[in-house]
Amino acid sequence: MKKYFRITTMAYLILLGSTLGAGLLAGVVVAPVIFHTENYLGSALLSHYQEGLIMTEVFVRLSYLVTTTVIAVVLYEGYKYKKFERDTITQIATFFVIATGLMFGHYYVPDIVNMQLAGEKMTQSVAFINTHKGSELNFKIFSLALLVLMVRNMQKACK
């Protein structure tokens, strides 16, 4: 049983790291390239709205990974909690991963998609701008909590 749980822990850590890496890649690498296509294509072939539509599709697909990770966190950390293998830092990080992950995938992404479906004018509104800023802050909190959870679980696994 211990060997099985070590394999599960390793798979869990890989999933956490992969999700963190995918989120960082989307925000730090993909977004700046997509929103500055004129630098790479020589002229502005896409409008800012069209670039936003492409970037939204990236985040829609990322939300599937985030939701899968949230489910894994609930199952893994729930099991550890039930076995009394818990600490305050892990519990707080778990709460933030679950809360912000669900908000990202089931509130912010659908809301942004719906606003984009309303047209380009809607994406220039104060509501859209505030929703977008909120989603960025939410994802930063998610990423930080994911990093903390990953580090804590690595520390526990190495004992």
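Bear in mind that the values here come from a model prediction, so they are computed numbers and not experimental data. (Residues numbered from 1 in each chain as written. Predicted model: local features only at pLDDT ≥ 70, side-chain atom pairs only at ≥ 80, totals over all residues. Heavy atoms only, no water.)

> For the overall build of the protein, give the residues involved together with the corresponding values.
The helix and strand tally for the protein stands at five helices and zero strands. Put simply, the protein runs from its N terminus to its C terminus through helices and strands in the order α-α-α-α-α. Principal-axis analysis of the C-alpha atoms places the extent of the protein at approximately 60 × 30 × 20 Å. Considering the protein as a whole, with its 159 residues, one finds that 36% of them fall into the buried category. Contacts in the protein between residues far apart in sequence, at least 24 positions, make up 77% of those at least 6 positions apart. Averaged over its 14 positive side-chain charges, the protein has a centre that lies 18 Å from the centre of its 9 negative ones. (Helix = DSSP H or I, 4+ residues; strand = E, 2+ residues; numbered from the N terminus. Buried < 20%, exposed > 50% of the residue type's maximum accessible area, 1.4 Å probe, protein only. Contact = heavy atoms within 4.5 Å. Lys, Arg positive; Asp, Glu negative; His and termini not counted. Charge placed at Lys NZ, Arg CZ, Asp CG, Glu CD.)

> I'd like to hear about a nonpolar patch on the surface, residue by residue, with values.
On the surface, a cluster of nonpolar side chains totalling about 570 Å² of accessible area is made up of Val33, Tyr40, Leu41, Leu45, Leu46 and Ile54. For Ile54, the location among the structural elements is in helix 3 (residues 48–82). With relative accessibility at 40%, the residue Ile54 sits in the partly exposed group. (Patch = residues over 30% accessible without salt bridge, like charges linked within 9 Å, V, L, I, M, F, W, Y side chains within 5 Å. Areas by Shrake-Rupley, 256 points an atom, 1.4 Å probe, with all protein chains shown as cover. Salt bridge = Lys/Arg side-chain N within 4 Å of Asp/Glu carboxyl O.)

> Quick one: what's the story with helix 3, residue by residue and with numbers?
If you check helix 3, its first and last C-alpha atoms are 49 Å apart, about what 35 residues at 1.5 Å a residue would give, namely 51 Å. Phe84 occupies a position one or two residues after helix 3 and carries a positive phi of about 65°. (Expected span 1.5 Å × (residues − 1).)

> Explain unusual backbone geometry to me, and be specific about the residues and the numbers.
The phi angle at Phe84 is positive, at roughly 65°, despite the residue not being glycine. Positionally, Phe84 belongs in the loop between helix 3 and helix 4 (88–117).

> If you had to explain the confidence of the model for the protein to someone new, which residues and values would you point to?
Mean pLDDT over the protein: 93, with 97% of residues reaching 70 or higher. When mean pLDDT is taken per element in the protein, helix 4 scores highest with 97 and helix 2 (residues 37–41) scores lowest with 84. (pLDDT = per-residue confidence, 0-100.)

> If you had to explain the nonpolar core to someone new, which residues and values would you point to?
Core analysis: the biggest nonpolar cluster contains 25 residues, and Leu16, Leu62, Val66, Val97, Phe104 and Leu149 have the highest contact counts within it. Secondary-structure elements contributing two or more residues to this core are helix 1 (2–34), helix 3, helix 4 and helix 5 (126–157). In terms of residues, this core owes the most to one element, helix 3, which gives eight residues. The residues contacting Leu16, other than those within four sequence positions of it, are Thr69, Val73, Leu146, Leu149 and Met150. (Core = buried A, V, L, I, M, F, W, Y, C linked by side-chain atoms within 4.5 Å.)

> Describe the packing of helix 3 against helix 4, with residues and values.
For the pair helix 3 and helix 4, interaxial distance at closest approach is 8 Å and the crossing angle is 150°. Between helix 3 and helix 4, the angle is such that the two are roughly antiparallel. Two packed elements cross with a definite hand, and for helix 3 against helix 4 that hand is left-handed. (Axes fitted to C-alpha atoms, helices over the stretch in contact; angles between N-to-C directions. Parallel < 35°, antiparallel > 145°, perpendicular 65-115°, else oblique. Left-handed = near helix turned anticlockwise from the far one by under 90°.)

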